[in-house]
Amino acid sequence: MNPYIINKGQKLADIMPEIESNINLAKKFPGIGATYLEIHSRRPSILIEPNVPVIQGKCAKSDEKFKLFGVYEGVTVDKIIRYLQEPREHHKLMTTPESFQKIKQAVAQVGIDLYSHFFCLMDESHLLVKDVDYREDIVLPMNDFFRFKQKALVSATPIMLSDPRFREQEFRTVTVDANYDYRQDITVIHTNNTLQTVRTYLEEHDAPTSFFINLVDYIHSLIKELGIENESAIFCAPKSEQKLKHELNFGNAYNEWKADRMNKYNFFTGRFNNAFDLDLDYSPQVVMLTDIKASSYTMLDIHTDCVQIAGRFRNGLESLTHIYTTDKNLPTPSREEIQVSLFAHEHAYKTINTLYNSASSDMEQKAFGEAMRSLPFNKMLYPNGDKNYFAIDNHIDDKLVTGSYHDSDRIEELYYSCNMFRPSCIGYEYPFEEFEHLKLQGYKMTVREKRKKMVDMLSELPETLSEYDLNFINEMRKVDSLLIEAYELLGLDAIKEMDYSQKQMNEAIILKQMKCNSTVKLVKNSFTVGLKYKCSEIESELTRIFELLNIHPNKTIRGETIKDYFDAEPCKIGKKRERGYYLTAELL
């Protein structure tokens, strides 16, 4: 089917009388009024929206003729019943996925046939895939969705859906495109230090700015580091609002957006990324931020999250920027490789399930049941054991998006392939000047001299570490991981007392951690494969380690005790030809 084409200034209602049934309405860009069209269609409707702010915003703007009734936490079944009993030509209900069951109860009590009476629109359908890993209930209405005679999906950022019921019910994808260039200019900044990059950005852009960062703790830390507490507001979920106000003593936190709550710097979590209209009388600067090394929760999908964020401001943007970091340790599997892995996990699950069903005793069946519940594929199932295709799609999508933050080339390729953006890609690198000099000059120093210099640098750090300081420490970790581990576990004074000794630091760390394999770690720290040790040396060192750990072995410690930990061959050592052992390999 040919796509619908919109002219500049038109809305969907100008080219489409109503949304067809059994279609996936794929808008090429947001903000063309798909939700508006269904609210004003001459039929009773149930619109399922991802988040409460969307519903609150749409209900506030609805007119009396097509009065929209919002259903979410706190709205009772009785209130829905009273609305349905009002003498209206067409009832319009807008609900979160979690509250859909309340509509079912109310409709049943009023005596309406839910599935034949209402048209059901699943708005922002991409979130069925994007959010199901942490919000399982988002797919709760889907079994009911497929029972509606009249139904549709809509999204400006559709994701391929594998649930076979779409194919069985002959769903079609209907595209809505434009005959003009609607692309949004965007500056894409790759950096190794988000704090410094944001600081530089604010120095160069002294105007109201809206930040989209999907992690409240990170937002709060960023605001403090930038020193903009009195000029900032945070819009987030209710629980995060309470945390900010009562635990972090940040007063300008809100779970509901209103224009008069906006400040010079405004921070939005993922709750406000989709479907929500931010109606302002000005065009703000917008900054999206992804710090993959700080938290994977800040990760933004270029083809969904970033497109949705760009479409939130109905009066346009002054500018759009995405600041992001990358991590070359991230895996980069292809879609095919992920699918093969999923198939293997499913096969493992089915194998254990067969053994569970064939168990010869209750005890055996219980053991197989526990094993089955621990398998990764168990997360891809509904509680009744049916396959959750949305969870499977989410797993594939999440792996692909995570892999895109492996390097800047992948991110830039995604931006250039996205029909929504006209990107300008740049990079900001912030070297740690003194430490970079140390790395360049390090080959001239002994290990002890280098460690002493690094300890001097660490001693100059403030008591409360900033993000910049943490990045500095992580750069040091790449050069001397033992020293940084000792710094984090033992402190600088202890390192100095040990005179920067490799053996002593290792030993102190092992004792600090005091895990069950401390003995093995300490023995391996004291003895090295490929070297010879006299029996007297072995006896003395093993005795010292056992006393250190307060261990009292049943057998007398002798030179041959080393064979409990290493493959060792008897040998003679020195001019006196003293008995000893040559260590050839570790046993443990």
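Numbers given for residues are sequential positions, taken from 1 along each chain in its written order. Residue-level local features of this predicted model are given only where pLDDT is at least 70; pairs of side-chain atoms are given and counted only at 80 or more, and the full residue set underlies all totals for whole chains, interfaces and linings. Derived side-chain values reflect all non-hydrogen atoms in the structure, with water molecules and hydrogen atoms excluded from consideration.

**Q** Whenever I open this one, the overall build of the protein chain confuses me. Can you help?
**A** Helix numbers and strand numbers start at the N terminus; a helix is a DSSP run of H or I with at least 4 residues, a strand a run of E with at least 2. A tally of regular secondary structure across the protein chain gives 24 helices and 19 strands. Expressed along its principal axes, the backbone C-alpha trace of the protein chain runs to roughly 105 × 70 × 45 Å. Taken over 588 residues, the protein chain has a buried fraction of 49%. In what follows, a contact means two residues having at least one pair of non-hydrogen atoms within 4.5 Å. Of the contacts made within the protein chain by residues no fewer than 6 positions apart, 68% connect residues no fewer than 24 positions apart. For the protein chain, the computed accessible surface area is about 29600 Å², with 47% contributed by carbon and sulfur atoms. Positive and negative side-chain charges in the protein chain, numbering 73 and 87 respectively, have mean positions lying 3 Å apart. Per-residue accessibility, obtained with a 1.4 Å probe over protein chains only, is compared with the maximum for each type, and a residue is labelled buried under 20%, exposed over 50%, and partly exposed between these values. All accessibility values rest on the Shrake-Rupley procedure with a 1.4 Å probe; residue burial counts only the protein chains present in the view. Positive charge is attributed to Lys and Arg, negative charge to Asp and Glu, and no charge count is given to His or to the chain ends. Where a charge lies is defined by one atom per residue type: Lys uses NZ, Arg uses CZ, Asp uses CG and Glu uses CD.

**Q** Would you mind going over the pairing of strand E13 (residues 265-268) with me for this structure?
**A** Note on strand geometry: in a regular strand, side chains alternate between the two faces of the sheet. Burial along E13 is two-sided: Tyr-265 and Phe-267 facing one way and Asn-266 and Phe-268 facing the other are all buried. Strands pair, by our definition, only if DSSP identifies at least two bridges between them. In terms of strand pairing, strand E10 (residues 209-212) meets E13 through four bridges, oriented parallel. Paired with Phe-212 across the bridge in E13 is Phe-268. One ladder, built from four bridges, connects strand E11 (residues 232-235) with E13; its direction is parallel. Residue Phe-235 lies in a different strand from E13, and its bridge partner there is Phe-268.

**Q** Can you walk me through the sheet that holds strand E19 (residues 578-586) in this structure?
**A** Through backbone hydrogen bonds, the strands of a sheet pair up, either in parallel or in antiparallel fashion. The strand order across the open sheet formed by three strands is E17-E19-E18, and the pairing between neighbours is antiparallel. Edge positions in the open sheet fall to strand E17 (532-534) and strand E18 (566-573), since each of these has one partner strand only. Strand-to-strand twist of the sheet, defined as the mean angle between neighbouring strand axes without regard to direction, takes the value 35°. In terms of strand pairing, E18 meets E19 through eight bridges, oriented antiparallel. Note that in E19 the partner of Ala-568 across the bridge is Leu-583. Helix H24 (residues 535-548) contacts E17 and E19 of the sheet and is inclined by roughly 80° relative to E17. Axis definition: a line fitted to C-alpha atoms, limited for helices to the stretch in contact. Angles are taken between N-to-C directions and run from 0 to 180 degrees.

**Q** Mind showing me how you'd approach the packing of helix H18 (residues 447-459) against helix H20 (residues 481-489) here?
**A** Their axes nearest at 11 Å, the elements H18 and H20 cross at an angle of 40°. Relative to H20, the element H18 lies oblique. Handedness of the crossing formed by H18 with H20: right-handed. Along the contact surface, H18 presents Arg-451, Met-454, Val-455 and Leu-458, while H20 presents Leu-482, Leu-483, Ile-484 and Tyr-487. Small angles under 35 degrees read as roughly parallel and large ones over 145 as roughly antiparallel, with 65 to 115 read as roughly perpendicular and the rest as oblique. Each crossing gets its hand from how the near helix is turned against the far one by less than a right angle, where anticlockwise is left-handed and clockwise is right-handed.

**Q** Explain a positive patch on the surface to me, please; I cannot follow it from the model alone.
**A** Judged by side-chain charge, Lys-532, Lys-572, Arg-577 and Arg-579 come together as a positively charged surface patch. Relative to the elements of secondary structure, Lys-572 occurs in strand E18. Only residues whose relative accessible area exceeds 30% and that take part in no salt bridge are eligible for patches, with like-charged residues grouped when within 9 Å of each other and nonpolar side chains (Val, Leu, Ile, Met, Phe, Trp, Tyr) grouped when within 5 Å. A side-chain nitrogen of Lys or Arg and a carboxyl oxygen of Asp or Glu constitute a salt bridge if their distance falls within 4 Å.

**Q** Please clarify how the sheet that holds strand E5 (residues 92-95) should be interpreted in this entry.
**A** As summarised here, the arrangement of the eight strands in space is E1-E8-E2-E7-E6-E3-E5-E4, forming an open sheet in which the pairing is parallel. Single-partner strands in this sheet number two, and they are strand E1 (4-6) and strand E4 (68-71). Sheet twist, expressed as the average angle between the axes of neighbouring strands with direction ignored, equals 20°.

**Q** What should I look at first to understand unusual backbone geometry in this one?
**A** Phi is mostly negative for residues that are not glycine, and the peptide bonds are mostly trans. Non-glycine residue Glu-170 carries a positive phi angle of around 60°. Note that Glu-170 resides in the loop between helix H8 (164-168) and strand E8 (172-178). Classification of Glu-170 as exposed rests on a relative accessible area of 63%. Even without being glycine, Arg-577 reaches a positive phi, approximately 55°. Mapped onto the fold, Arg-577 is located in the loop between E18 and E19.

**Q** Would you take a moment to explain the state of the cysteines for this structure?
**A** Our working definition of a disulfide is a cysteine sulfur pair at a distance within 2.5 Å. Using the criterion set out here, one finds zero disulfides in the structure. Among the cysteines around Cys-59, which has no disulfide bond, Cys-120 carries the closest sulfur, lying 16 Å off. Summary of cysteine pairing: Cys-571 is not part of a disulfide, and the nearest cysteine sulfur, belonging to Cys-535, is at 8.1 Å. Residue classification places Cys-571 among the buried residues on the basis of a relative accessible area of 16%.

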